[in-house]
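Single-letter residue listing:
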Amino acid sequence: MRPYSRAVTLRLGDVLADPDLSLRLADGDPTALNQPVRWCAVTELADPRPFLSGGELVLTTGLSQLDEAAQRQFVSRVADRRAVGLGFGIGLTHDRIPAATLAEARDHRLPVLEIPYSTPFIAVDRFVADRVLEEQYGRFADLLDEHDTLARALLSGRGLGALVGSLHQILGAPCMVVDVYGRVLATAPASAAWPVEQILYAARSGTSGDTPLSVPVTVEDTVVAYLCCRRPRRSADVLPYAVSLVGLELARRQAELAGKRRLAGQVLEDLVRGTIGGAEAERRLSPFGIRAEDEHALLVATLSPGGGDLRKRLVSSPPMTGATTAVLEDCLLVVLDPGQSAREAALLLQDYLSRYGSDVRVGIGGWYAGTTGLRWSYYEAHEAMNRGPGINDREQMSLSGLIVASEDVPLRDLASEVLRPLHDFDAAHAGSLVATLRAYLDADGSVAAVAARLIVHRNTVRYRLEQIEKLTGRSLARTADRVQLWLALAAADLLR
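Owing to the predicted nature of the structure, the values given are computational and were not obtained by experimental measurement.

*Asks:* Before we go on, may I ask you to explain the sheet that holds strand E4 (residues 85–89) in this structure?
*Replies:* Note: strands within a sheet are paired through backbone hydrogen bonds, in either parallel or antiparallel orientation. Ordered by their spatial adjacency, five strands build an open sheet running E1-E5-E4-E3-E2, and the pairing between neighbours is mixed. Looking at the sheet topology across the chains shown, the edges are occupied by strand E1 (24–27) and strand E2 (39–42). Each adjacent strand pair in this sheet contributes to an overall mean axis angle of 30 degrees, direction not counted. Summarising the sheet, E4 and strand E5 (residues 112–115) pair through four bridges and their orientation is parallel. Along E5, the bridge assignment pairs Phe-88 with Glu-114. Strand contacts of helix H3 (residues 99–107): E1, E4 and E5, with the helix running at about 80 degrees to E1, the strand carrying the most contacts. Sheet contacts for helix H4 (residues 121–171): E2, strand E3 (56–60), E4 and E5; angle to E2, the most-contacted strand, approximately 155 degrees.

Below you can see the structure in the form of structure tokens.
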């Protein structure tokens, strides 16, 4: 990469020092000669302000400045537009620079350069233009080199760390990439330590304060991270390209993680459904770091998306440190390694998914060894997840939950078929047959307990039970029919 000194900024002192121009500092603080010159502006207007934007060396012969008031007003207007200096040509309108011009310039701390009659304004203008264009070309060449350096760092195989390290060298300032969840993905130098939460708050709220500069990194129009750096000492215009490269790397990581999740989901799906045996399951799980001899616990989570493809949101959610994640149907599965806290992992998972939608439900399974243990933990977590929003710990596994978790058993269809007449009756007559049936089975067939719970007369309960038997064609006095009705209600609750 070219040395950073190639793109040298043109200073007012450089214009004064050129021997071919023969300029003289007529008045002004020598330290003001360090100001950069952006362009030249030749004018004889009494008010040149509409044509100045700041940073110009203004050249004039004072053609319209014939009295002291006009001279002072001209200088004041030039200084008001933040010109870096005034070049006054003598030998035409004025034999020397007017005293009022020098006095007003001194009041505004505006350097005044005397331009002899022998030096045409076009020579000064051309000198400045050539140097400014040379500076811009040099910076453009440096920028191309910097782009090449960053691209090579990313493609070196060392990933985001190498990219951020190269950016740190180019900017001359510490750099860091932090994702929207507060995880530091890369930093350079390694000793750089910033308050991540403060950075995220400032980035999201649009404030800056004392926090580093934070530039959002997007993947598919979604902000996924921030590229942060202390105020760069040089080459700040390379930042947009650096941000785009960080976005490419994070998109690659997302795609790789999504592929792994889909593969892991296929293996776990085959295991849960019992289509592969223990030895085959162990072989297919080992590439994901899941060893059957270790104890593992599963988390099962889902949410009601705020729009968009739920499965796509799940596969693109961030990875979890020390865990294997997979997507199975519309659920995100997390296989925890030994030693991890299931509760902490569930809280982290809930926080992750809450950014993608509402009604986040997380179920926690127990710790078991072996492939059978993985299946059992999945069933526990799946049943816990279906109890409602929030984080739900496992309970003693129910037979209904175990049956419903298996797609080989058509309990979903059974629940719909058995309960449809009751739901239709309740909808048509504003009835409470389903609620009465649930209360009756929960009360172990006690009419008195149901009447007290629903706050109705016992005869009302008996009438409703007769209606239930008539509509479903099942007798509440027979154990087999009661089991079918109870399983139908349990399945409906779990699938709700």
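There's plenty left to go through after this.
*Asks:* What should I look at first to understand the sheet that holds strand E8 (residues 213–219) in this one?
*Replies:* Spatially, four strands are ordered E7-E6-E9-E8 in an open sheet, and the strand pairing comes out antiparallel. Each edge of the sheet is formed by a strand with only one pairing partner; in this case those strands are strand E7 (184–188) and E8. Direction aside, the axes of adjacent strands within the sheet are offset by 20 degrees on average. Relative to strand E9 (residues 222–229), strand E6 (residues 175–179) runs antiparallel, the two sharing five bridges. By the bridge assignment for E9, Asp-179 is matched with Ala-225. Against the sheet, H4 touches E6, E7 and E9, its axis set at about 35 degrees to E7. Running at roughly 45 degrees to E8, helix H6 (residues 239–272) makes contact with E6, E7, E8 and E9 of the sheet.

Cut-offs used in this document
Residues numbered from 1 in each chain as written. Predicted model: local features only at pLDDT ≥ 70, side-chain atom pairs only at ≥ 80, totals over all residues. Heavy atoms only, no water. Pairing = 2+ DSSP bridges. Helix = DSSP H or I, 4+ residues; strand = E, 2+ residues; numbered from the N terminus. Axes fitted to C-alpha atoms, helices over the stretch in contact; angles between N-to-C directions. Contact = heavy atoms within 4.5 Å.

In short, shape yes, function no, at least from these values alone.
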